[in-house]
Amino acid sequence: MQRIHALAATVCLAVAGTLGIAVPAAAAPGAPTPETSDSATQLPKIEWTRFKLPNGLTVVVSEDHKAPVVAVAVWYHVGSAREPMGKSGYAHLFEHLMFEGSAHHQGTFFEPFEKAGAIGMNGTTANDRTNYFETVPTTALDMALWMESDRMGWLLQGLTKGGVDQQRGVVQNEKRQGENQPYGKVSKRIRANTYPLNHPYHHTVIGSMDDLDAASIGDFKQWFKHYYGPNNATLVMVGDITPAQAKAKALKYFGNIPPGPPVPQLQPWTYQRHSSTHDVMYSNVPQVRIYREWNTPHGGTHADNMLSLAASILGDGKTSRLYQRLVYEDKLADSVSVSDRSGELASQFMVRVDVKNGVDPDKVKAAIADELQTFLDNGPTADELDRAQTGFRAYFVRRLEKVGGFSGKATLLAAGQVYHDDPGAWRESLADMMAATPEDVRSVARKWLGEGDYTLVVKPLPEGKTLADVEHTDKGLGPAPGKPELVTPAETDWHAVSSDVDRSKGVPEVTHYPDLTFPTLQHATLDNGIEVTLAERHSVPLVEMSLQFDSGYASDQGHKLGRANFTMGMLDEGTDKLDSIQIAKRKQRLGARIDTGCGLDACTASLNALTDKLQPSLALFAHIVRHPAFRKADIRRIRGQWLAGIAHEKARPTTLALRVMPRLLYGKGHAYAMPFTGSGTTASIKALTAADMHAFMHDYIRPDNVRIMVAGDIDMDTLVDELNQAFGDWSAPDTPVPHKDIAKVTPPEHPRVFLMDRPGSLQSVIFAGLVAPSTKAPNNLAIETMNGAFGGTFTSRLNMNLREDKHWAYGAFSFLPSAVGQRPFLIYAPVQTDKTAPSIKAALQEAKAVRGAKPLTEAEINKIQMSRIRAMPGQYQTNGAVLSAMRDIALYDRPDDYVQTLKSRIQGLSDAEVEAAAREVIQPRHFIWVIVGDLDKIKAPIAALDLGPMQELDANGKPIDSDADK
C-alpha cells in the first residue's frame, strides 16, 4: 500500500503513549522467571529480575548484552484517570514540567542526554500512567539515573511559576495541534458519550485549556507530592547490565528519596452499556467516517485477550471480515480498522470506517451490523483464528529486538508491573491468546459486543458553513451509579535510606563511551548477477531483506506523477497466480511482513520474516515482486483508496504544504517536483493505467537494476542458496534502464510567500524551504551537523526559541531529507494563530543570525558531534536499523565501513567547516515560504512583514484566481 515519504512521516509524527497488552496473574518476585509449560517454549520470552527498595520503588532488570546500551524507563502510576473534575490535564502537564529543571539541574532535561548520545528519549501520558524513557550508552547509565532520580526527589525545589506558565503554553499548543487535524476532536466526543461524567476515562488525557489556565503552582505542587513518590513508581533497566549492578545503582540514586503518601488504587469499572446510541458531528474532514464503540473489560482479563483476537479477525487488514465486506464486496468504504484499546480500568472495542464519497452512511452502518451479527452467531473459523494468533506471536518477537523506546522490552516489562504487578504479564496474555479456540472468541464477543454500542458519524462541513457554525458544547453522559470505591493499600514501612551521592556536584560527568559494534558486510553474487550484501546477526530469530531499485519518485519525470509509488503499492494486490486475499492470508500464516514503496531516488520491496518461516516467506516475496497482475478490479479499488488518501493529505495542514512545496522549490518538470508524500495528483492517479504500471516494471523493477540487502539470523551460504531459488533465474529485458535527469536548480532571486487558506484553523503551519547540496556532497557531515544545532534537535536554536522560550509552538524544527540530487532544507513550525507573524519573524531572525551576527558556537557544534558519535552504539539494535544503513551505503555510494569510520570523520570536522555549511545552506534571501492557516486572521500581519511577493494558492497548489485542475 501507499508509503509516505520519510520527510512527510517525520514532520507529521505525533507522540503517543503505549499501553501494551496486560494480563491477570502476578508472578513471584525474585529470580528470573521460569517457563510455565512445555508449550510456552514456542512463545518469545524476556528474562527479568524484580526487587523493591526500602522506600517502595519497584525495580525490574533484564540483561541484554547485544549492544553496549541500557534502556531506562520510569513509570509513575498516575495518569489522567486520577484527575478530579476541574483539574483535567494535570498529569500531562506534569509530564512536560518534569522535563524542565530540578533542584540540582537547572535547564532542560534533554541537554545532558543529548551530549551523552541518548536515543529513543521521550515521555508520554496515558489514562493510567506517566512514563519517561531513554536508551543510553552503558557508561552513561549513572548520569541517566541521577537525572531521573533528581526530578523524582527534587523537582519541586526547581519548579517556578515561570516554568509552569511556559509549559502550560506548550501543552496548549500541543492541544491546538492535535485538534487542528481532521477528526482531531473525535476522541473527546467519544469519551464523553461512552463513559459517564464520574468515570475516570470520561475526559481526554490532554485535558481542558480552562482547567490548565485556572491551576496555580500550589495546585501542581500538591499534585506532585501526592503521586510522584518512589512508592508509586517503577524503574526498569534493560540492556548491558546485571541485576546486582542495577540494584546497587538504584539504591545509590533513588534510595534516599522519601516515599510519598499511600496512593489509593482505582478499581476496574467497565461501565457496559445496554442500549444503542447514535451521534453525528460535522467537522473539517475530507470524507464521512463512522465509529462504532463498545465498552469492554480492562486489560489483563481473558475477555480483553479474546477481544484482541476478535478485533484482528474483524478488522485487521484486507483478509478481515469487515474489510472484505465493506471494501471488496459491497464497495462502500475506502478503509476499515478495528481495535481493542486496553486500559487498566476498562477497554474500548472500536470499529472505524472511512466511507466512500457519495455512499449513504446508513448502508455502511447496516453492513457493519450484519457482518458483526454473523460473527457473533458463528464465531471465527479455525483458519482465521490461527492467522490472528500467528500475527500476535510475530508482533511480540519483533518487539524484542529493541531494549527500549516506545515499544521495546522495557515497555513490555514496565506495563506488566505497573498494571498487574507482573513484569511478565505480556507473555501470559500472549499464551492466553495462543490457547484460544474459536468458541472462546465467539462467546466473549457475544457477551460484550451484542449490545451497548455507540455510533458516531463524522461528516464534512455542509457547503458554506464553518466550524463556528456547527460546533456546539457536548458534555456527554452525566454521572452514573456503580463507581467502585478506591482501595487503600495496606500500611507499609517504606522509608528512605542514606546515600553517598553529593548532588551539589551536579550531573555526573560521562568520561568515556563504548565503541560501536556494527556487523562486517559480506558480499556475494547470484547466478544472474544480482549483487547481495549481508549483515549477519543472530540476536533474534528474524531475517529482514530489502530489494532496492534505482528509480523512486524521480522516475515519474515525464510520466504520470505517483506512478512509481502506486505501482509498488500494487505489487501485493495480486499476481498471475494469487489474488490479493490469497497473498494476505499467506503472509498472515507465515507471520511475514512485506512492504513496498518509494522515496525520492529509489523504490524498495522489503521482507521481514521469522527465521523458521524464511523459505516459504521468501518464495511468496519473490512471486509478488516478479509476477504482479495489475487486474482492473484491483486497480479500481486501490485507486479509490489512493484518491481518498490524497484528499486526507489536503485536509491536513502539514501534508497540504508538503504537497505544494516541491514544485515551488524545484520548478515544474524537475524530477523532484512532485508531492513529497509520493501520492501524485488527483488527475494523474485517475489517469493511471495497467499499461503505465507494466511499463514502470519493465523499465525499473528488474534484476539488472536491483541490489539485495539482508540483515539477520542467516549465514551467507544459506542466504545465497535461498535467493538463487527465488531470484536466480530472473532475467532482464533487452532495453536499458532509463536515465533519470535530476537537474541542478538555480535558487530564486528573492524570497516568495505562498498562503493557503484553512478557515477556522487553531494553528498556522509555517514552512520555509530552499534547496541544499546533495547527501553525496563532500561536506555532507558538516551540513548535517549544522542542521542539528540550528533546528534538528530538541535543544536546537529554533525549538528553544519558539517552544521553550516563547511557547508559541509545540515544536519547531528544521529538516534535511536525504537525496541524490539537491536535497530540500525545510524549516517547520506549527504555531498558535495569533503568533503566526511573530513566529515567522523569529524564525527568520534565527536564520539570518546563524549566518553572521550569531554563528554557531564551539559548544553548539561539539554537542551535535558528540551526540551523534555517542548515540551510534545504540542505534543498530534492530535488523531494520542495520538494513537502513546498508541501503544508504548503496544509494549514496558509500564504502562498506562507512558506519565504522563515521566517528573519526565526525570528530575531524572543524568549527569553520560547520559554520561555512550554515552560510552555504541557510540563505533567507532564497526562502520559499508556505503558510497554511486562517487567512482572515493571519494574512495582514504576514503582509506587514514584507517578506516578498505574496500569492494565495488553492489545495492543489494553483494560484487562487486560477481554475486549472489538480
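Residues numbered from 1 in each chain as written. Predicted model: local features only at pLDDT ≥ 70, side-chain atom pairs only at ≥ 80, totals over all residues. Heavy atoms only, no water.

Here we come to the overall build of the protein. Within the protein, the secondary structure is distributed over 33 helices and 23 strands. The C-alpha atoms of the protein give a radius of gyration of 28 Å, which matches the 30 Å a tight globule of 966 residues would have. Principal-axis analysis of the C-alpha atoms gives the protein an extent of 80 × 70 × 65 Å. When burial is assessed residue by residue, the protein has 60% of its 966 residues classed as buried. Within the protein, counting contacts between residues at least 6 apart in sequence, those at least 24 apart form 82% of the total. Here the protein has roughly 35,800 Å² of accessible surface; of this, 51% comes from carbon and sulfur atoms. Distance between charge centres in the protein, computed from 102 positive and 112 negative side chains, equals 4 Å. (Helix = DSSP H or I, 4+ residues; strand = E, 2+ residues; numbered from the N terminus. Rg over C-alpha atoms; globule rule 2.2 N^0.38 Å. Buried < 20%, exposed > 50% of the residue type's maximum accessible area, 1.4 Å probe, protein only. Contact = heavy atoms within 4.5 Å. Areas by Shrake-Rupley, 256 points an atom, 1.4 Å probe, with all protein chains shown as cover. Lys, Arg positive; Asp, Glu negative; His and termini not counted. Charge placed at Lys NZ, Arg CZ, Asp CG, Glu CD.)

Before going further, it helps to examine the nonpolar core. Nonpolar side chains in soluble globular proteins generally cluster together in the buried interior. Ranked by size, the top nonpolar core spans 84 residues in total, and within it Met545, Leu547, Phe621, Ile708 and Phe727 carry the most contacts. Tallying contributions element by element places helix 22 (residues 653-666) first for this core, with eight residues. (Core = buried A, V, L, I, M, F, W, Y, C linked by side-chain atoms within 4.5 Å.)

Right, let's get into the side chain of Ser546. Mapped onto the secondary structure, Ser546 falls in strand 14 (residues 542-550). One polar contact links Ser546 to Arg887, side chain to side chain, over a distance of 3.4 Å. Ignoring sequence-local partners within four residues, the contact set of Ser546 consists of Thr604, Ala605, Ser606, Arg707, Ile708, Met709, Leu883 and Arg887. (Polar contact = N/O pair within 3.5 Å; in protein donor to acceptor, adjacent residues only side chain to side chain.)

Let's shift gears to the sheet that holds strand 14. Taken together, the six strands give an open sheet; going across it, the order is 12-13-17-14-16-15, and neighbouring strands pair in mixed fashion. A strand with exactly one partner marks an edge of an open sheet, and here the two such strands are strand 12 (522-525) and strand 15 (593-598). Strand-to-strand, the axes of this sheet are offset by a mean angle of 15°, without reference to chain direction. Where strand 14 meets strand 16 (residues 602-610), nine bridges bridge the pair, whose relative direction is antiparallel. Residue pairing in the sheet places Phe549 in a bridge with Cys603 of strand 16. (Pairing = 2+ DSSP bridges. Axes fitted to C-alpha atoms, helices over the stretch in contact; angles between N-to-C directions.)

Turning to the pattern of salt bridges, a few remarks are in order. Enumeration over the complete set of coordinates arrives at 42 salt bridges. In this structure, the salt-bridge partner of Glu293 is Arg273, at a minimum N-O distance of 2.9 Å. With a gap of 20 residues between them, Glu293 in strand 8 (residues 289-296) and Arg273 in the loop between helix 9 (243-254) and strand 7 (277-283) connect regions that are remote in the sequence. Residue Glu293 shares its accessibility class with Arg273, and that shared class is buried. Across the pair Glu384 and Arg321 runs a salt bridge whose closest N-O atoms are separated by 2.7 Å. Of this pair, Glu384 sits in helix 13 (residues 382-399) while Arg321 sits in helix 11 (residues 321-329), and the two are 63 residues apart along the sequence. Taken as a pair, Glu384 and Arg321 share a single burial class, namely buried. (Salt bridge = Lys/Arg side-chain N within 4 Å of Asp/Glu carboxyl O.)

With that settled, consider the packing of aromatic side chains. The tally for this structure, following the rule as stated, stands at 32 aromatic pairs. With a centroid separation of 5.3 Å and 70° between ring planes, the pair formed by Phe99 and Tyr132 is classed as edge-to-face. On the criterion of sequence distance, the pair formed by Phe99 in the loop between helix 2 (90-97) and helix 3 (110-116) and Tyr132 in strand 5 (residues 130-137) is long-range, its members being 33 residues apart. Judged by relative accessible area, Tyr132 falls into the buried class, the value being 0%. With 5.0 Å between their ring centres and 40° between their planes, Phe767 and Tyr828 make a pair best called tilted. Of this pair, Phe767 sits in strand 19 (residues 763-772) while Tyr828 is found in strand 21 (residues 823-832), placing the two residues 61 residues apart along the sequence. The two residues Phe767 and Tyr828 agree in class, both being buried. One residue, Arg289, lies across the ring of Tyr183, its end atom 3.7 Å from the ring centre. (Phe/Tyr/Trp six-rings, centres within 6.5 Å; stacked < 30°, edge-to-face > 60°. Lys NZ or Arg CZ within 6 Å of the ring centre and 35° of its normal.)

On to the sheet that holds strand 9 (residues 333-341), then. Within a sheet, neighbouring strands are paired by backbone hydrogen bonds and run either parallel or antiparallel to one another. Read from one edge to the other, the open sheet built from five strands follows the order 7-11-8-10-9, with strand pairing classed as mixed. Edge positions in the sheet fall to strand 7 and strand 9, since each of these pairs with one other strand and no more. Neighbour to neighbour, the strand axes of the sheet diverge by 15° on average, direction disregarded. In the packing of helix 16 (residues 438-449) onto the sheet, the strands contacted are strand 8 and strand 10 (347-355), and the crossing angle to strand 8 comes to about 105°.

A few words now on the confidence of the model for the protein. Any segment with low pLDDT has predicted coordinates that should not be analysed in fine detail. A residue-level look at the protein finds 95% of positions with pLDDT of 70 or above and a mean pLDDT of 91. Per-residue pLDDT stays below 50 along residues 962-966; that stretch engages in eight contacts with residues further than four places along the chain or on separate chains. (pLDDT = per-residue confidence, 0-100.)

Along an α-helix, residues three or four apart share an orientation, since each turn contains 3.6 residues. A rise of 1.5 Å per residue sets the reference length of helix 28 (residues 836-851), with its 16 residues, at 22 Å; its end C-alpha atoms lie 23 Å apart and thus fit the reference within 8%. All buried positions along helix 28 are accounted for by Thr836, Ala837, Ser839, Ile840, Ala842, Ala843, Leu844, Glu846, Ala847, Ala849 and Val850. (Expected span 1.5 Å × (residues − 1).)

Relative to strand 13 (residues 531-536), strand 12 runs antiparallel, the two sharing four bridges. Considered in strand 13, the bridge of Gln522 is made with Leu534. Where strand 12 folds back onto strand 13 in an antiparallel hairpin, the turn is made up of five residues, including Gly529, whose phi is positive at roughly 95°.

The full count for this structure, using the stated rule, is one disulfide. One disulfide in the model links Cys598 with Cys603; its S-S distance is 2.1 Å. One quick way to see it: the torsion about the S-S bond of Cys598 and Cys603 is about 95°, and its sign makes the bridge right-handed. Given the relative accessible area of 0%, Cys603 is considered buried. (Disulfide = S-S within 2.5 Å.)

The next thing to look at is helix 25 (residues 716-727). Between its first and last C-alpha atoms helix 25 spans 15 Å; for twelve residues at 1.5 Å apiece the expected length is 16 Å, and the two agree. Turning to helix 25, its buried residues are Met716, Leu719, Val720, Glu722, Leu723, Asn724, Ala726 and Phe727.

Turning next to the packing of helix 13 against helix 19 (residues 580-590). Two numbers describe how helix 13 lies on helix 19: the axes approach to 7 Å, and their chain directions differ by 55°. The orientation of helix 13 relative to helix 19 falls into the category oblique. Counting all contacts with helix 13, which are made through Asp383, Arg387 and Thr390, the residues of helix 19 involved are Lys585, Gln588, Arg589 and Leu590. Tallied by class, residues from the contact of helix 13 with helix 19 come to one nonpolar, two polar and four charged. (Parallel < 35°, antiparallel > 145°, perpendicular 65-115°, else oblique. Nonpolar A, V, L, I, M, F, W, Y, C, P; charged D, E, K, R; others polar.)

To continue, consider the pairing of strand 8. Most of strand 8 sits out of view: eight of its eight residues are buried. Sheet analysis places strand 8 next to strand 10, joined by eight bridges and oriented antiparallel. Each bridged residue has a counterpart across the sheet, and for Thr296 the counterpart in strand 10 is Ser347. Taken together, the five bridges between strand 8 and strand 11 (residues 454-460) define a ladder with antiparallel strand orientation. By the bridge assignment, Arg292 is partnered in strand 11 with Thr455.

Turning our attention to unusual backbone geometry. Residues other than glycine seldom take positive phi values, yet Asp421 does so here, at roughly 55°. Note on placement: Asp421 falls in the loop between helix 14 (409-420) and helix 15 (425-434). Phi is positive for Phe630, which is not a glycine, with a value near 55°. Counting through the fold element by element, Phe630 comes out in the loop between helix 20 (614-626) and helix 21 (632-651).

This brings us to the side chain of Gln324. Here Gln324 is to be found in helix 11. Here the side chain of Gln324 touches Lys318 through a polar contact of 2.9 Å, landing on its backbone oxygen. Leaving out residues up to four positions away in the same chain, Gln324 has contacts with Lys318, Thr319, Glu329 and Ile581.

Below, the discussion takes up the packing of helix 2 against helix 8 (residues 217-227). Taken N-terminus to C-terminus, the directions of helix 2 and helix 8 make an angle of 90°; their axes are 11 Å apart at the nearest point. Between helix 2 and helix 8, the angle is such that the two are roughly perpendicular. Contact residues: helix 2 offers Tyr90, Ala91, Leu93 and Phe94, while helix 8 offers Asp219, Phe220, Trp223 and Phe224. Split into classes, the residues belonging to the contact of helix 2 with helix 8 amount to seven nonpolar, no polar and one charged.

Here we come to the environment of Val444. You can see Val444 is positioned in helix 16. The spatial distance from the C-alpha of Val444 to the C-alpha of Leu307 is 7.1 Å, given a sequence separation of 137 residues. The residues touching Val444, leaving out its near neighbours within four places in the chain, are His302, Ala303, Met306 and Leu307.

One can find Ala564 in helix 18 (residues 563-569). The sequence separation of Ala564 and His926 amounts to 362 residues, and the corresponding C-alpha distance is 30 Å. Filtering out sequence-adjacent residues up to four positions away, Ala564 remains in contact with Gly552, Ser555, Asp556, Cys598, Cys603 and Phe696.

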